[in-house]
Amino acid sequence: MQENVEFTEDMPIIIGIHNIAEEPRHWHNRIEIFLVLSGNLTIVVESETFHLSEDDIILINSNQVHEIVSKDNVTVVLQINYGYFKKWLDETSFFHCNSSVYHNTSKYVELKRIIAQLIYVNYNDTEHNDLLTISLAYQIVLELIKNFRSFDQNQLSQNSKHLQRLRAIIQYLNTNYMENITLEQIAEKEFLSPSYFSHFFKINMGVSFFNYLTGIRMNHAVNDLITTNLTMEQIAANNGFANSRYFVDCFKKKYEMLPKLYRKEHKQELVPKKASILSTQYYKGYLVMEQLDYLNKLGEYLDTKNVKKPSNLLRNVLCKTVEVRADDYKKNLVHTFKTFTGVGRAKEFLLERVQKELIQLQKEIGFHHVKFHGILDDAMMLYNEDRAGKPYLTFHYVDEILDFLMSIKLKPLIQLSFMPRLLAKDPNNTIFYNPSILSEPNNIANWEFLITGLTKHMIERYGLEEVRTWLFTFWNVPFQSYVFAFENNEVAYELYRSTYQCVKRCDRQLLFGTPSYGSVNFEISEYYDFIARCIETNCPPDFYNIHCYPVKTSSLSEMTLGGIKAQYAESDKMILSEDPDYMADILATIKQKLISFPKLPIYITEWASSASHRDWLNDTCYRSVYIVKNILENYDEVNSFGNWCLSDTLEELPYDNDLFHGEMGLFAYHGIKKPAYYAFVFLNKLMNTLIDSGKGYFVTTNQKGDYAILLYNYIHISPLYCQGVLFNVTFLERYNAFVNPEPCDYEFSITNAANGKYVLTEHIVNREYGSAFDEWVGMGALPLTSEEEINVLKGRSMPLITKSTLEVSNNFLNYYAELKPHEIRLILINKQLY
């Protein structure tokens, strides 16, 4: 077939990233370049077959008949409109560019470098990326003319007359393939002898007429095979095969298996599958979002010092001028970000390093409650049964944990999860590397004995007045849309109701909230229907319990990024949101959906910059500025912002040998503080009255002449990184995940300030100060093998602190700062009494 591509009037190229399967023989009136990023690609050009592997590049000239017979690859496809460059190119221009034949790799480096830049400037989606794209398109044409042009006109195997005749023939075959077509019929239609037509077709298409027609029929037959329930006889008849036996023979020759087996392996489900309780793939997607590194091959061709950011020539540093009145008190602050912190599972409280980290956290910040999973897990040795099957409870570990929490003034959210093995209906349904059981109980009476016995014990040990200040909830996201689900939502509700009643029978004033709920779409009714049913059946919650991770599901087979369409084989994968204001938008949605329900506290008990436990950015300054941005821009909007979580020593995945492996903790191994830790330290130094706030700044006062200002320079991750595609992002080069990060200048003016002397103290976290990961890279990025090395890293990764004095006259205070990308900066301005 002839393929016609529409170019826009002002753009001379089309560039895409594709997972290419099969494309039948065709030609087109443009130049096409294939650069293989991963996998293998087989291309038949006229009568020659070329096998391309990773990093190979090939150019298909205008009007060259070619066919792709591969799968399992990721390939850059670049199409050039020679009409745009008519002063230098026309349809007869011919190029030799094929690295699978000519193995001089240095010959292709410049061409690959330009292609890498093309993709870079497109996915950056900057204001001037169209101009940069056109500029790079001219560079590609220049490179082709200089190094790959051939002036041998005999290279072109078809002339326009032949192509016109082939176009008519192929159109007829595509329309009438199901009929009984013979070579003689087509030859007669074209006023040619059968022997000449056979030779003509084979020479120009590179394949015999008979095989080409069979290929068309086979493509349609395979589609019927995997999308319908037609029999082999019906498929053969519908697609022009003489009989089913002949169809099966042709199929086996091409696919090396029987059609029935192929159908079994590839058949698309006509009825949607019922969601499984837990699949390995979903579990991995929940804990570790897939990252695809095929674009990192292109990153090798970017000179990170010189040409990585061609748009630097158009650098535009943002400058913000802020003027505030010192006596313009907007509101008093509650500081709800301190309501919750999080530790992975109950058993982790028994680890010495976790206790040390919590003691330090409470000393420097002082959270009120802690969220954790698994107080009912077998690791807690709480539930057991004697030889007669009678249940009994032992509270040794529970007491040790709760005693410790009381000692550091941290109140628990008692999440009643997960299921003890002896009580589990399906003990093999587990989650996490150190497994927890996701199952309904095999005996509801024993479940109620467990819940009632535990609640009564806590009241007896810690007193009713204390326990009434704690929070209780059931399970962790037990809904069908999530990985912790039961068989159906009815099971989740009934178990919630039973658990609720057990706790409330112990004391009606104990606070029992909804199960935690996290979703890729808070618009759906699942959670709100659950709340409505609880209210209708007299087990209303005392608070709403929310998770807020910036994720969504990608169910599309392609993504569009500033002019690039990238196709990949995976679908329905969890990816990060491109919305930098995701939290604000989600909070607005939740509040709107809850407006018809009782007004209760809304606790975000889990949130982070990523749902992935292996996201490299979790260790960087991005995580700290993400925390500051989202808390400041949504300050006190809900009753808690429970960061997940305390430590990298989570047992949900196997421990990683790398010190900075992308886990979600505030502390890395060895108690090393990550930048995210200092985000909360800075937030904790804010004062109790808000003067002013905006994008990038938050100004507070104690109304006694002192001020605390928190600044941040937030840059959102690139669209490709959101999709899980790594382009020039490596274990050490993590900050390449951002789109042209630039500094931001601030000019602050505080009017109506009291005259006098002040001490100004700056606390700064950026890549140079307060970032353990960046300091570790500077130390050589090798494992730390001694206590001395660990202490050196801890010492080198403290925030920068500077102090200076200033004098205010005319009631005017001025402050200037340039914030580096991902920087957070706390400015304390304290009036001197003497």
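To be clear, the structure that these remarks concern was listed above.
In what follows, the accompanying structure is described. Not measured: the values here are computed from a predicted model.

1. Considering the overall build of the chain
A count of helical and extended segments in the chain gives 23 helices and 37 strands. If you line up the chain on its principal axes, its C-alpha atoms span 105 × 80 × 55 Å. A burial count over the chain gives 56% of its 834 residues as buried. Restricting the contact set of the chain to residue pairs at least 6 apart, pairs at least 24 apart contribute 76%. When the accessible surface of the chain is totalled, it reaches about 36300 Å², and 50% of it is carbon and sulfur. Distance from the positive charge centre (80 side chains) to the negative charge centre (100 side chains) of the chain: 2 Å.

2. Considerations on the packing of aromatic side chains
Evaluation of the coordinates by the stated rule reveals 61 aromatic pairs. Seen in terms of ring centroids, Phe 241 and Phe 247 are 5.2 Å apart; in terms of plane orientation they differ by 55 degrees. Their pairing is tilted. Of the two residues, Phe 241 and Phe 247, neither departs from the other in class, the shared state being buried. An aromatic cluster of at least three residues, connected via ring pairs, comprises Phe 479, Tyr 493, Tyr 496, Tyr 500, Phe 512, Tyr 517, Phe 522, Tyr 527, Tyr 528 and Phe 530. The aromatic ring of Tyr 714 is capped on one face by Lys 629, whose charged end is 5.1 Å from the ring centroid. Positioned above the aromatic ring of Tyr 758 is the side chain of Lys 831, whose terminal nitrogen or guanidinium carbon lies 5.9 Å from the ring centre.

3. Describing the environment of Gln 703
Among the secondary structure elements, Gln 703 is positioned in the loop between β31 (697-701) and β32 (707-712). Along the primary structure Gln 703 and Ile 691 are separated by twelve residues, whereas in three dimensions their C-alpha atoms are 9.8 Å apart. With sequence-adjacent residues up to four places away left out, Gln 703 is seen in contact with Tyr 329, Asn 332 and Thr 689. Here the side chain of Gln 703 touches Thr 689 through a polar contact of 2.8 Å, side chain to side chain.

4. Quick look at the environment of Asn 476
With respect to the helices and strands, the residue Asn 476 is situated in the loop between β21 (471-474) and α16 (489-506). Taking the relative accessible area as the measure of exposure, Asn 476 reaches 0% and is therefore buried. Considering only alpha carbons, one finds Asn 476 and Leu 438, 38 residues apart in sequence, at a separation of 9.9 Å. Among the polar contacts listed, one links the side chain of Asn 476 to the side chain of Gln 415, at a separation of 3.5 Å. Separated by 3.0 Å, the side chains of Asn 476 and Ser 516 make a polar contact.

5. A few points about the sheet that holds strand β29 (residues 640-643)
The strand order β23-β28-β29 describes an open sheet built from three strands, whose pairing is parallel. Since the sheet does not close on itself, it has two edges, and those belong to β23 (544-548) and β29, each with one partner. Averaged over all neighbouring strand pairs, the angle between strand axes comes to 25 degrees, with direction disregarded. The sheet contact formed by β23 and strand β28 (residues 602-607) spans five bridges and is parallel. If you follow Asn 545 over to β28, its bridge partner there is Tyr 603.

6. Re unusual backbone geometry
With an omega dihedral of -15 degrees, the bond running from Ser 417 to Phe 418 counts as a cis peptide bond. Among the secondary structure elements, Phe 418 is positioned in the loop between β18 (411-416) and β19 (430-431). In this structure, the amide linkage connecting Trp 644 to the following residue, Cys 645, adopts the cis form with an omega of 5 degrees. In this fold, Cys 645 is placed in the loop between β29 and α20 (675-684). A positive phi angle, near 60 degrees, is found at Phe 191, a position not held by glycine. In this structure, Phe 191 sits in the loop between α4 (183-189) and α5 (194-205). In this model, Asn 752 sits at a positive phi of 65 degrees, which is unusual for a non-glycine residue. Among the structural elements, Asn 752 can be located in the loop between β33 (744-751) and β34 (756-765).

7. Brief notes about helix α2 (residues 129-147)
In a regular helix each residue adds 1.5 Å, so 19 residues correspond to 27 Å; α2 covers 27 Å between its end C-alpha atoms and thus fits that length. Along α2, the residues that are buried comprise Asn 129, Leu 132, Thr 133, Ile 134, Leu 136, Ala 137, Ile 140, Val 141, Glu 143 and Leu 144.

8. Quick word on the pairing of strand β30 (residues 689-694)
Judged from the two bridges that link them, strand β13 (residues 331-332) and β30 form a sheet pairing that is antiparallel. Along β30, the bridge assignment pairs Lys 331 with Leu 690. Looking at chain direction, β30 and β31 are connected through five bridges and run antiparallel. Residue pairing across strands places Ser 693 opposite Phe 698, the latter belonging to β31.

9. Concerning the environment of Asp 55
By the element assignment, Asp 55 lies in the loop between β6 (48-52) and β7 (57-60). As for Asp 55 and Cys 502, which are separated by 447 residues in sequence, their C-alpha atoms are 63 Å apart. When neighbours within four sequence positions are excluded, Asp 55 is seen to be in contact with Leu 35, Val 36, Ser 99, Lys 112, Lys 297 and Tyr 301.

10. Considerations on the side chain of Ser 749
In this structure, Ser 749 sits in strand β33. You can call Ser 749 buried: its relative accessible area is 12%. Not counting chain neighbours up to four residues away, the residues in contact with Ser 749 comprise Val 322, Glu 323, Val 324, Phe 812, Leu 813 and Asn 814.

11. Focus on the side chain of Gln 79
Secondary-structure assignment places Gln 79 in strand β9 (residues 73-80). For Gln 79, a relative accessible area of 12% puts it in the buried group. Polar contacts involving the side chain of Gln 79 include one to the side chain of Glu 32, which spans 3.2 Å.

Cut-offs used in this document
Residues numbered from 1 in each chain as written. Predicted model: local features only at pLDDT ≥ 70, side-chain atom pairs only at ≥ 80, totals over all residues. Heavy atoms only, no water. Helix = DSSP H or I, 4+ residues; strand = E, 2+ residues; numbered from the N terminus. Buried < 20%, exposed > 50% of the residue type's maximum accessible area, 1.4 Å probe, protein only. Contact = heavy atoms within 4.5 Å. Areas by Shrake-Rupley, 256 points an atom, 1.4 Å probe, with all protein chains shown as cover. Lys, Arg positive; Asp, Glu negative; His and termini not counted. Charge placed at Lys NZ, Arg CZ, Asp CG, Glu CD. Phe/Tyr/Trp six-rings, centres within 6.5 Å; stacked < 30°, edge-to-face > 60°. Lys NZ or Arg CZ within 6 Å of the ring centre and 35° of its normal. Polar contact = N/O pair within 3.5 Å; in protein donor to acceptor, adjacent residues only side chain to side chain. Pairing = 2+ DSSP bridges. Axes fitted to C-alpha atoms, helices over the stretch in contact; angles between N-to-C directions. Expected span 1.5 Å × (residues − 1).

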